[in-house]
Amino acid sequence: MRTRLLRGTAAGLAASSLLFAAACGGAAEAEEKPAPKASKAPADPKAKSLSAAQVSAARLLVGDLPTGWSNADGQDEDGDGDGTAVEGEFGRADKKSCQPMVDLLNGKVGSAATAQDGSSFEGPDAGEYGPAHVSVEVGTFAPGKAASTDKGFTDAVAACDSSFHTTMDGAQLKVHVGQLSVPNVGDAAQGARLTMAMPETDEYEGTEMTIDLAQLRYGQSLVAVMYMGSGTNDAESFGTILRKSAQKLADVTDGKIKPSTADKSRARDNEGEQRESA
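Residues numbered from 1 in each chain as written. Predicted model: local features only at pLDDT ≥ 70, side-chain atom pairs only at ≥ 80, totals over all residues. Heavy atoms only, no water.

Student: Would you mind showing me how to read the overall build of the protein here?
Tutor: A tally of helices and strands in the protein yields five helices and 10 strands. Taken across its 278 residues, the protein has 44% of its residues classed as buried. For the protein, contacts bridging at least 24 residues in sequence account for 62% of all contacts bridging at least 6. (Helix = DSSP H or I, 4+ residues; strand = E, 2+ residues; numbered from the N terminus. Buried < 20%, exposed > 50% of the residue type's maximum accessible area, 1.4 Å probe, protein only. Contact = heavy atoms within 4.5 Å.)

Student: Is there a simple way to explain the nonpolar core in this structure?
Tutor: Across soluble globular proteins, nonpolar side chains show a tendency to be buried alongside one another. Within the largest apolar cluster, 33 residues are counted, with the highest numbers of intra-cluster contacts made by Val136, Leu216, Val225, Ile241 and Leu249. Counting only elements with at least two residues in this core, the list comes to helix 1 (52-58), strand 4 (115-127), strand 5 (130-140), strand 9 (208-218), strand 10 (221-230) and helix 4 (235-253). Dropping the residues within four chain positions of it, valine 136 is found in contact with Leu60, Asp117, Gly118, Ser119, Phe121, Val223, Ala224, Val225, Ile241 and Ser245. Ranked by size, the runner-up nonpolar core spans 30 residues in total, among them Leu104, Phe153, Phe164 and Met196. (Core = buried A, V, L, I, M, F, W, Y, C linked by side-chain atoms within 4.5 Å.)

Student: What's the story with the state of the cysteines in this structure? I'm lost.
Tutor: Covalent bonding between the sulfur atoms of two cysteines is what defines a disulfide. In the structure shown here, the tally under the stated rule is one disulfide. Two residues share a disulfide in this structure: cysteine 98 and cysteine 160, whose sulfurs sit 1.8 Å from each other. Residues cysteine 98 and cysteine 160 share a disulfide whose torsion about the S-S bond is about -110°; that sign makes it left-handed. Residue cysteine 98 is located in the loop between strand 3 (70-71) and helix 2 (99-105), and its partner cysteine 160 is located in the loop between helix 3 (145-159) and strand 6 (163-168); the two are separated by 62 residues in the primary sequence. A relative accessible area of 0% places cysteine 98 in the buried class. (Disulfide = S-S within 2.5 Å.)

Student: When you look at helix 4 in this model, what are you seeing that I'm missing?
Tutor: The periodicity of an α-helix, 3.6 residues per turn, causes residues three or four positions apart to be oriented the same way. Its 19 residues give helix 4 an end-to-end C-alpha distance of 27 Å, which sits within 8% of 27 Å, the value for a rise of 1.5 Å per residue. Phi turns positive one or two residues past the end of helix 4, at glycine 255, with a value near 85°. (Expected span 1.5 Å × (residues − 1).)

Student: Explanation requested: the pairing of strand 6 in the structure shown.
Tutor: Here is the key point about a regular strand: its side chains alternate between the two faces of the sheet. With six bridges connecting them, strand 6 and strand 7 (residues 171-179) associate as antiparallel partners. Directly across from histidine 165, in strand 7, lies its bridge partner lysine 174. Counting the residues in the hairpin turn of strand 6 and strand 7 gives two residues, including aspartate 169, whose phi is positive at 50°. (Pairing = 2+ DSSP bridges.)

Student: Got a minute to help me understand the pattern of salt bridges in this structure?
Tutor: Side-chain pairing between opposite charges can occur once the charged atoms of the two side chains come close. Taken as a whole, this structure holds seven salt bridges when the rule is applied. The salt bridge partner of arginine 59 is aspartate 117, with a shortest N-O separation of 3.7 Å. Note that arginine 59 is positioned in the loop between helix 1 and strand 3 and aspartate 117 in strand 4, a separation of 58 residues in sequence. Both residues of the pair, arginine 59 and aspartate 117, belong to the buried class. Lysine 108 is the salt-bridge partner of glutamate 89, the closest N and O atoms lying 3.7 Å from each other. Placement of glutamate 89 in the loop between strand 3 and helix 2 and of lysine 108 in the loop between helix 2 and strand 4 is noted, with a sequence separation of 19 residues between them. A single salt-bridge network, built from bridges that share partners, covers Arg59, Asp117 and Arg266. (Salt bridge = Lys/Arg side-chain N within 4 Å of Asp/Glu carboxyl O.)

Student: Explain the packing of aromatic side chains here, please?
Tutor: In this description, an aromatic ring pair is defined by two values, namely the gap between the centres and the angle between the planes. Per the stated rule, a full pass over the model turns up two aromatic pairs. With 6.2 Å between their ring centres and 70° between their planes, tryptophan 69 and tyrosine 227 make a pair best called edge-to-face. Taken as a pair, tryptophan 69 in the loop between helix 1 and strand 3 and tyrosine 227 in strand 10 lie far apart in primary sequence, 158 residues in all. Centroid distance tyrosine 227 to phenylalanine 238: 6.1 Å. Interplanar angle 80°. Geometry classified as edge-to-face. One end of the pair, tyrosine 227, is in strand 10; the other, phenylalanine 238, is in helix 4, with 11 residues separating them in the sequence. An identical accessibility class is assigned to tyrosine 227 and phenylalanine 238; each is buried. Among the aromatic residues, those joined into a ring-pair cluster are Trp69, Tyr227 and Phe238. (Phe/Tyr/Trp six-rings, centres within 6.5 Å; stacked < 30°, edge-to-face > 60°.)

See below:
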């Protein structure tokens, strides 16, 4: 894990300077000048949480992805809609330490997030059970909370290094947890590969699902990427999507990308929905 230190504000002190002027026929006199004001280092944008509009601007759109990817069913070209990779919700993990992974499976970056937004996509290659799916969620946190939430996921990967149990649609699922190498992006990044036999339903028919999870942190924000496919997942596509997610989050955090009018409108809609559901 790699962590960058945030830059603090400079607290330099400037000493008074003396200007010696020679007067014709007289002795040199010392004139005390006011000390120049100490200059402050520019505020580090990474030390601040993002606004809801910035979170919407940081999410990936289909145009950010490699050729052949498309929006998931139920989403339009701007990523609006309810496209999801899994129909249903996972229940609580039988091991409390494993719950952060279940939260990511349910599209929740963290309960402490002050704003969250995301998109889902379908891959170009359709296997026996259809194309692969990718969900990308962006969340921002109060200062310090992103690091502690990120640590919760990292600790979960270490604590659940073999398996845990959860539920879906009332069916018990055993989830096998394996290590997953991910690109060294953002301030920190961690991955895990989950394998499970899905419930015997009309939707899944007992399919064995491989789910690659990754979470990256940059400043006070997190991005969670969930890649689902049946059989072997595409490590190259997964890595590309993670890198693009990290770059877009960094560009928004550092002010290189500004929220558009559509981002601001989407953020207002999201906030309204959250108030209604509260």
